[in-house]
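# Breakdown of the fold
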Amino acid sequence: MKFYTNSHKHYCGIDLHTKKMYVCILVNNGNILLHKNIPAKPEPFLKLIKPYKDDLIVGVECMFSWYWLADLCKEHHISFILGHALYIKAIHGGKSKSDKIDSEKIVRLIKGGNFPLAYVYPPELRPIRDLLRRRHFLVRIKAEALAHTKITNHQYNNESFEKNIAKKGNRTDLGERFDNNTVRKNVEVDLQLADYIHEELKALENHIVRHAKLTDAR
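Basis of the calculations
Residues numbered from 1 in each chain as written. Predicted model: local features only at pLDDT ≥ 70, side-chain atom pairs only at ≥ 80, totals over all residues. Heavy atoms only, no water. Helix = DSSP H or I, 4+ residues; strand = E, 2+ residues; numbered from the N terminus. Rg over C-alpha atoms; globule rule 2.2 N^0.38 Å. Buried < 20%, exposed > 50% of the residue type's maximum accessible area, 1.4 Å probe, protein only. Contact = heavy atoms within 4.5 Å. Areas by Shrake-Rupley, 256 points an atom, 1.4 Å probe, with all protein chains shown as cover. Phe/Tyr/Trp six-rings, centres within 6.5 Å; stacked < 30°, edge-to-face > 60°. Salt bridge = Lys/Arg side-chain N within 4 Å of Asp/Glu carboxyl O. Axes fitted to C-alpha atoms, helices over the stretch in contact; angles between N-to-C directions. Parallel < 35°, antiparallel > 145°, perpendicular 65-115°, else oblique. Left-handed = near helix turned anticlockwise from the far one by under 90°. Nonpolar A, V, L, I, M, F, W, Y, C, P; charged D, E, K, R; others polar. Expected span 1.5 Å × (residues − 1). Arc of directions from axis to C-beta.

## A few points about the overall build of the chain
A count of helical and extended segments in the chain gives 6 helices and 7 strands. Element order for the chain, N to C, with α for helix and β for strand: β-β-β-β-α-β-α-β-α-α-β-α-α. Scaling as 2.2 N^0.38, a compact globule of 218 residues should have a C-alpha radius of gyration of about 17 Å, whereas the chain reaches 25 Å, well beyond that. Each of the three principal axes of the chain carries a C-alpha extent, and together these read 75 × 50 × 30 Å. Every one of the 218 residues in the chain was classed for burial, and the buried ones make up 38%. In the chain, the proportion of contacts linking residues at least 24 apart, taken out of those at least 6 apart, comes to 60%. Only carbon and sulfur atoms are counted for the fraction: they give 53% of the accessible area of the chain, which is about 13500 Å².

## A short note on the packing of aromatic side chains
Enumeration over the complete set of coordinates arrives at 3 aromatic pairs. Relative to Y67, the ring of W66 has its centre 4.8 Å away and its plane inclined at 85°; by these criteria the two rings are edge-to-face. Taking relative accessible area as the criterion, Y67 reaches 21% and is therefore assigned partly exposed. Taken together, a centroid distance of 6.3 Å and an interplanar angle of 85° make the contact between Y156 and F178 edge-to-face.

## Concerning the pattern of salt bridges
Enumeration according to the criterion identifies 8 salt bridges in this entry. The salt bridge involving D71 is made with R126; its shortest N-O contact spans 3.0 Å. With D71 in helix 2 (residues 67-75) and R126 in helix 5 (residues 126-155), the pair connects residues that are 55 residues apart, well separated along the chain. Taking the shortest distance from any N to any O, the salt bridge between E104 and R108 comes out at 2.9 Å. One end of the pair is E104 and the other is R108, both in helix 4 (residues 99-111) and 4 residues apart, which spans about a single turn.

## Points about the packing of helix 2 against helix 5
One can describe the packing of helix 2 onto helix 5 by two numbers: an axis separation of 13 Å at closest approach and a directional angle of 165°. Between helix 2 and helix 5, the angle is such that the two are roughly antiparallel. Along this stretch, helix 2 crosses helix 5, giving a crossing that reads as right-handed. Facing Y67, A70 and D71 of helix 2, the residues of helix 5 in contact are R126, R129 and D130. Classifying every residue of the contact of helix 2 with helix 5 by side-chain character gives 2 nonpolar, no polar and 4 charged.

## Digging into the environment of G59
With respect to the secondary-structure elements, G59 resides in strand 5 (residues 56-61). C-alpha of G59 to C-alpha of F115: the two residues are 56 residues apart in sequence and 8.6 Å apart in space. Beyond its immediate chain neighbours, meaning those up to four positions away, G59 contacts C12, G13, I14, I81, I106, I110 and F115.

## Considering helix 4
With 13 residues, helix 4 should reach 18 Å at 1.5 Å per residue; the first-to-last C-alpha distance of 19 Å fits that figure. Every buried residue of helix 4 is listed here: D102, S103, I106, V107, L109 and I110. Taken end-on, helix 4 shows its buried residues confined to a sector of 155°, consistent with a single buried face. At the C-terminal side of helix 4, G113 shows a positive phi close to 75°.

## Brief notes about the environment of G13
Secondary-structure assignment places G13 in strand 2 (residues 10-16). Exposure remark for G13: the relative accessible area of 0% places this residue in the buried category. Along the primary structure G13 and V23 are separated by 10 residues, whereas in three dimensions their C-alpha atoms are 6.0 Å apart. Apart from residues no more than four positions distant in its own chain, G13 is found in contact with Y22, V23, C24, G59, S103, I106 and V107.

Shown next as structure tokens:
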């Protein structure tokens, strides 16, 4: 794990949420210059930090809404760092917790050289990374649906499936295994969900491959 150790005239720690952001700014000697809760929007943030932009470093814990703030800082030539969420929690911990307290803890970690760094993913690569993460989620859901079908089969003491039921052609005797219509419906829902996700995954993966080819061609 790498930590941010550079020195600056001003340090800004932010506890960021979807609608609000608590901003804490320190001067180099450790005194708090500003501690304020503002809307999580570009204009209020830029207005707030304007007097302290001289040699300013902005740090925020990695959570889902950091993209816009990183891009805003890049656009206005403000140094930005992203903190590894799990390591930050492990370092500062503490029972007392609020947005105000957390913003100060973040900025003091930065100033003290104890801010654990996460990678600030480039804007142009974030969409495909997020799509790959979504693919991972869909693969897991598909696997869970197929696993539930197998579990249901074992619940009723049926013989194990000899072939891979992920393939439609291997399910010809599936309905005959369950006498109860409600149990059969339960299994059908699982398999319909798995089939639907399978088609979505094929389309998604084709998109990813096309994107990779276009990226390589540049």
